Amino acid sequence: KEARLREMVVAHLTNRRQWNLEKNMKELLDTEGGFVERFLFFVPLLDEAAKDSMLISGCSAGSEFIVAKRFGFSRVAGVEIDRSLVDICRVRIEDDTSCEVAYYDRKKLPYADGQFGTVYSGHVIEHTPNPFEYFKEHFR
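Residues numbered from 1 in each chain as written. Predicted model: local features only at pLDDT ≥ 70, side-chain atom pairs only at ≥ 80, totals over all residues. Heavy atoms only, no water.

Colleague: Provide a residue-level description of the packing of helix α1 (residues 2-15) against helix α5 (residues 83-93), including the pertinent values.
Modeller: It is at 10 Å that the axes of α1 and α5 come closest, and there the two elements cross at 165 degrees. Taken together, α1 and α5 sit at an angle that is classed as roughly antiparallel. Crossing angle aside, the handedness with which α1 passes α5 is left-handed. Between α1 and α5, the contacting residues are R4, L5, M8, V9 and H12 on the first element and S84, L85, D87, I88, V91 and R92 on the second. Taken together, the residues that form the contact of α1 with α5 break down as six nonpolar, two polar and three charged. (Axes fitted to C-alpha atoms, helices over the stretch in contact; angles between N-to-C directions. Helix = DSSP H or I, 4+ residues; strand = E, 2+ residues; numbered from the N terminus. Parallel < 35°, antiparallel > 145°, perpendicular 65-115°, else oblique. Left-handed = near helix turned anticlockwise from the far one by under 90°. Contact = heavy atoms within 4.5 Å. Nonpolar A, V, L, I, M, F, W, Y, C, P; charged D, E, K, R; others polar.)

Shown next, in the form of structure tokens:
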């Protein structure tokens, strides 16, 4: 699995003309650094019931899934606009049936209203064409 994951990440980075593959791969697959710090900040502010389900918007290569599970989230779903990152994330979470990842068309999330106790989005909104619509869709 690790070899397959590494091959997929190298292909993803190469297709995007990333120059420092090892550094960028480490950042994409990191489950110890910045994501943990973010969770340490916001998780204590949540009611316990909010940890039943989380939506990660812009889930990239799936590192936040791993961190979310460590912090006690029961069900974790993620969306990503880059199909190759969706594929990478699927490989990373394939052994955990409480996790799922889906492609997001930037318009409508592939989930019904009120499905998540927590919505997590870091460094995504600045890439959206309409931040108001992004918030509206994620808060529904």
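Past the structure itself, the notes keep going.
Colleague: I'd like a description of the nonpolar core, backed by residues and values.
Modeller: Ranked by internal contacts, the top residues of the largest apolar core, which has 19 residues, are F39, M54, F65 and F73. Of all the secondary-structure elements, those providing two or more residues to this core are α3 (34-42), β1 (53-57), α4 (63-70), α5 and β3 (99-103). At four residues, α3 tops the list of elements feeding residues into this core. Excluding residues that lie within four positions of it along the chain, M54 makes contacts with F39, F42, A68, F73, R75, V76, A77, F116, T118 and Y120. If you look at the next biggest cluster of nonpolar residues, it comprises 10 residues, including L55, A102, Y104 and V124. (Core = buried A, V, L, I, M, F, W, Y, C linked by side-chain atoms within 4.5 Å. Buried < 20%, exposed > 50% of the residue type's maximum accessible area, 1.4 Å probe, protein only.)

Function-wise, these values are silent; they only describe arrangement.
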